[in-house]
Each structure stands twice: as C-alpha cells, then as structure tokens.
Amino acid sequence: MESDIRDKSYIGHDDIVGLNFIKNPGRYVYRKYHKQGLRSQIMEVLNPDDVAKQTKGVTINGILHFPWAKPIKILRIFRTRFESVDHTFDEIKKLKIVEAYLPPDSYAKSHEFIVDYIRNGQRDFILCGLQDYVEGEALNPWEITAKEDIGDLLIRMGIESARSSFEDITPYVQKVQKNADHFIRCVKKMILEAGYVPDFAGLENLILTPTGNIKLVDINNISKVSFGASIPLDDKGYPVSDKSIEAISMLEQKLMDRPLDKT
C-alpha cells in the first residue's frame, strides 16, 4: 500500500515525480527545503542543469567550483485533508486577505491550485501552492535588539559595504526602517479590519532581502485574532496569534526605535 504524501515525515524527488499530477517528471529536480513545514510539505523546484553544476562542479579559471543550485520556485503540498472543495476555497480566501492588506513586495507571492490525487486506486484532492523563492536572511524579532543588528544580517548576505563600518550601511538601514514601518502599519490594519494575522513568530517566517524588504514567506498560516481575555491556541496547540502580534511589536520597538503602542 502506498502511503499518503501528506503523512510522510520526509519526502524527496522520487516522491514528487511519482505523483499522478506531475506531468513532466524530468523537467525539474525537487529537493526538500531545509525548513520542515508543520502544515505542508515544502520542496524546492530546481533546474536540472543547476543541480548538475552543484554536484559535479564547474571549472572557472582553472578552479573547480560547486555553485549552490538556487530554487526556481517553492512547492507546497498542504497536509490538511479538506472535507470539500468549498472548504479548500475557504483556505485560499485567507491568502487573499494577505494579498489585500500587505504591500506586494512584503510577501512571497504564491499561486494556489487544487489537484486530483490518486493513491491505491482511490481519488482525493490536495491543495498545493507554487511560491516565489525569497533570497535573504531570516529576520527573527526576538534576536533584534537594535537597528544596528541589521548590519550583521547584511554581512551574512555577503554585502561588502557592511564589513567596514556602520556608516556605510546607514542608507540601507534607513530603507529597511521605511519598509518596516509601512509593513507594520499594513499588518495593524489587517488585524483591526479583517481580524486575521499571519504567522510572524515561526522560525524563518520573515526574511530580510538584499534590497531592504521584509518578506513574509509562510503565507499559509493565518490565524483569527481574538480580542478577549483568553489566549487562543491554533490546531497545533500554539498561541500563534498572540506571538505574531508580539513579534510585530518587537520589530516596531527595536527596529523602529518606537515605544510600544498599548492600543
């Protein structure tokens, strides 16, 4: 009996190309993304030529290099078993809320699609997403103590100007602050008007890009906000709503040098 792709703890290239809805199995290489998804299987979609260069190497000026194969896209396969197609569309509507409120350059755009899934002679349907790959460094709100910490992230990204002095990257930091300010204002508007908040607290859910944007990459975990006295938990038993609001408040205080707005 073939096990369900949604239940597997680990999947690889062969698992993906063996799916009935993958029509051209040799066109791309699929590699497990380094971050394990709780709500979805996450795979990198790679160019086979790039993978060959990474594994076999390429000679440049007489030196053999093994350049990392950068993903073309990120494929997400939702673990959730939806009761009906209508319930699947309800999940997609949450994504549309993100698209409606957040700036276009502040989240990884994704095309969601529903596919027939045939396993052991039985038919089901699965929700998938083909998402943009975002380059940059993880922005952990709990690790940011001041705006100067942006310099460390720049060094990790290999931006040379960050290696000399803080003054060299001041324009970049100011750009990050400007983008962060717009991002935070849009998030607050989403919370107050739509009553939803994305997961900003998860590991590597926020990425700082080389161009100075803060991008949300886990766009599928969106929680209802409760303004009551109790702390709501998600289906995994985690207070994702409250922790996400805490994450945003920490960015506002540490990155923007702005006191916490108690309202």
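Residues numbered from 1 in each chain as written. Predicted model: local features only at pLDDT ≥ 70, side-chain atom pairs only at ≥ 80, totals over all residues. Heavy atoms only, no water.

Enquirer: Can you explain the packing of helix α5 (residues 170–193) against helix α6 (residues 240–254)? Please cite residues and give values.
Expert: The N-to-C vectors of α5 and α6 enclose an angle of 150°; their axes lie 11 Å apart at closest approach. When the axes of α5 and α6 are compared, the pair comes out roughly antiparallel. The handedness of the crossing between α5 and α6 is left-handed. Counting all contacts with α5, which are made through Phe183, Ile184, Val187, Lys188 and Ile191, the residues of α6 involved are Ile245, Ile248, Leu251 and Glu252. Residues that form the contact of α5 with α6 fall into these classes: seven nonpolar, no polar and two charged. (Axes fitted to C-alpha atoms, helices over the stretch in contact; angles between N-to-C directions. Helix = DSSP H or I, 4+ residues; strand = E, 2+ residues; numbered from the N terminus. Parallel < 35°, antiparallel > 145°, perpendicular 65-115°, else oblique. Left-handed = near helix turned anticlockwise from the far one by under 90°. Contact = heavy atoms within 4.5 Å. Nonpolar A, V, L, I, M, F, W, Y, C, P; charged D, E, K, R; others polar.)

Enquirer: Give me the sheet that holds strand β7 (residues 122–132): which residues, what numbers.
Expert: Here five strands make up an open sheet; going across it, the order is β1-β2-β5-β7-β6 and the pairing antiparallel. Edge positions in the sheet fall to β1 (29–32) and β6 (110–119), since each has one partner strand and no second. With direction set aside, neighbouring strand axes in the sheet form an average angle of 30°. Bridge analysis of β1 against strand β2 (residues 40–46) gives four bridges, and the strand direction is antiparallel. Its bridge partner being in β2, Tyr30 is matched across the sheet by Val45. On the sheet, helix α3 (residues 85–101) packs against β5 (73–78), β6 and β7 and is oriented at approximately 160° with respect to β6. (Pairing = 2+ DSSP bridges.)

Enquirer: Account for the packing of aromatic side chains, naming residues and giving values.
Expert: Any aromatic ring pair is given by two values, namely how distant the centres are and how the planes are angled relative to each other. Counted under the stated rule, the structure contains two aromatic pairs. Their ring planes at 50° and their centres at 6.2 Å tell us that Trp68 and Tyr133 sit as a pair that is tilted. Residue Trp68 is found in the loop between β4 (63–65) and β5, and its partner Tyr133 is found in the loop between β7 and β8 (137–138); the two are separated by 65 residues along the sequence. With a relative accessible area of 46%, Trp68 lands in the partly exposed category. The ring of Tyr107 carries Lys109 above its face, with NZ or CZ at 5.2 Å from the centroid. (Phe/Tyr/Trp six-rings, centres within 6.5 Å; stacked < 30°, edge-to-face > 60°. Buried < 20%, exposed > 50% of the residue type's maximum accessible area, 1.4 Å probe, protein only. Lys NZ or Arg CZ within 6 Å of the ring centre and 35° of its normal.)

Enquirer: Provide a residue-level description of unusual backbone geometry, including the pertinent values.
Expert: Residues other than glycine seldom take positive phi values, yet Asn120 does so here, at roughly 55°. Residue placement: Asn120 occurs in the loop between β6 and β7. A relative accessible area of 32% means that Asn120 is categorised as partly exposed. Backbone geometry at Asp257 places phi at a positive 55°, although glycine is not the residue there. Topologically, Asp257 is positioned in the segment after α6.

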